[in-house]
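Read off the chains here:
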Amino acid sequence: MYSRVPPASLNPDPLAVFGRIVPRDHTLLALLAEHYLLSTDQIASALFDTRRTAQRRLTILHRLDVLHRFGRSGAHGRYGSLLYTLGPVGLQLHPTVYHDPTGTGGKAPRSSLERAKRIAASGQVNHLLGVNQFFTDLIATARRAADAQLSRWWSEQHATTVYAQAGIRPDGHGVWTVGDTSTGFFLEHDNDTENLARVVAKLRGYERLTTFGPRYPVLFWVPSRRREASLLGVLAGLRTASPIATAVHAPDPAGRVWTLVSDPTHRRYLHELPCDHGPDTVTNPQRFEDL
């Protein structure tokens, strides 16, 4: 009953739609509630077996007003040509405090359409897609591996709020689990648009965090070998409580792509990076517990 694409209707039944939402749809809506938007390709790789199956289901959800979708100029390649965010039904099912990617200080939108317009007009679309690509690639890797999972994925605003005392602003926070090893990390998604001094200055907040919270590796995910070499040169010899690692944008961020600044002799898998979840105290909010 879920495979037939319903025709567009000017007068949809406001209650019938709720019976058509399946668990996978709720997973997608929860991601969009926190992370604003995902492309067709990101959704397909994270949640579906084929792109065609994903496109069909997304069309259904769009026509049922569960999702909004929009295109953008030059949208192609890994990010796909259509971008999805919460529609009116989706926002009812998964209400969110994340209304505007430029900040949380403004008023909540009056509708899902207003929220979608804020996202599309924010100037953050490319950045959000780049960050979300990193995490959806991890989810896709976990789907192919029996012993791996993305155990936690927080948005920039979520991590910033939880660790406000340290003043960090990571592009994302996650915990990657392989077997019995759970590696927390903070992501700095770099597009070679900031000077290196500003990039290095971000480490001050992570240093403050280590005095009361986790000592997670800070991951600089950079667009080229040249950028990585420049960053490693600046960071060489810098002593930090937080491990720092670099890697160049690639389809498998869980792979053996990470160079640890303190030991750049070889590249490591993501789960091989040093990690300390921090003290089990009230000063370390929402401490991750290894299962």
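Given the structure is predicted, the values throughout are model-derived calculations rather than measurements.

A closer look at the packing of helix H2 (residues 40–47) against helix H6 (residues 125–144)
Here comes step 1: Relative orientation of the contacting elements H2 and H6 amounts to 25°, with a least axis distance of 8 Å. In terms of orientation, H2 and H6 fall into the roughly parallel class. Like other packed secondary-structure pairs, H2 and H6 cross with a definite hand, here left-handed. Contacts between H2 and H6 involve Gln-42, Ala-44, Ser-45, Ala-46 and Leu-47 from the former and Leu-129, Asn-132, Gln-133, Thr-136, Ile-139, Ala-140 and Arg-143 from the latter.

Details of the environment of Arg-225
Here comes step 1: Structurally, the position occupied by Arg-225 is in helix H10 (residues 225–235).
Here comes step 2: Along the backbone, Arg-225 and His-249 are 24 residues apart, and their C-alpha atoms lie at a distance of 9.4 Å.
Here comes step 3: Those residues in contact with Arg-225 that lie beyond four places of it in its chain are Val-248 and Arg-267.

Concerning helix H1 (residues 23–35)
It helps to recall that an α-helix has 3.6 residues per turn; residues three or four apart then point in one direction.
Here comes step 1: The end-to-end C-alpha separation of H1 is 18 Å, in line with the 18 Å expected for 13 residues at 1.5 Å each.
Here comes step 2: Of the residues one or two after H1, Tyr-36 is the one with positive phi, at around 75°.

Let's talk about the environment of Leu-32
Here comes step 1: One can find Leu-32 in helix H1.
Here comes step 2: Residues Leu-32 and Val-282, spaced 250 residues apart in sequence, show a C-alpha to C-alpha distance of 30 Å.

Considering the sheet that holds strand S10 (residues 263–268)
Here comes step 1: The seven strands lie next to each other as S4-S5-S6-S7-S8-S9-S10, forming an open sheet whose pairing is mixed. If you trace the sheet from one side to the other, it starts and ends with strand S4 (148–155) and S10, each paired once. Neighbour to neighbour, the strand axes of the sheet diverge by 30° on average, direction disregarded.
Here comes step 2: Where strand S9 (residues 258–260) and S10 come together, two bridges link them in antiparallel fashion. Each bridged residue has a counterpart across the sheet, and for Leu-260 the counterpart in S10 is Asp-263.

Conventions adopted
- Numbering of residues starts from 1 in each chain and follows the order in which that chain's sequence is written.
- Totals for whole chains, interfaces and linings use all residues, but because this is a predicted model, local features are given only for residues with pLDDT of at least 70 and pairs of side-chain atoms are given and counted only at 80 or more.
- The basis for every side-chain value is the complete set of heavy atoms in the structure, and neither hydrogens nor water enter the calculation.
- The convention used is that axes are lines fitted to C-alpha atoms, helices contributing only their stretch in contact, and that angles between N-to-C directions extend from 0 to 180 degrees.
- Runs of H or I in DSSP of at least four residues are treated as helices and runs of E of at least two as strands, each being numbered from the N terminus.
- Angle categories: roughly parallel below 35 degrees, roughly antiparallel above 145, roughly perpendicular from 65 to 115, and oblique for all the rest.
- With the far helix as reference, a near helix turned anticlockwise by less than a right angle produces a left-handed crossing, and one turned clockwise produces a right-handed crossing.
- Every residue pair with non-hydrogen atoms within 4.5 Å of one another is taken to be in contact.
- Here a helix's expected span is defined as the number of its residues, less one, multiplied by 1.5 Å.
- Think of it this way: DSSP has to see at least two bridges between two strands before they count as a pair.

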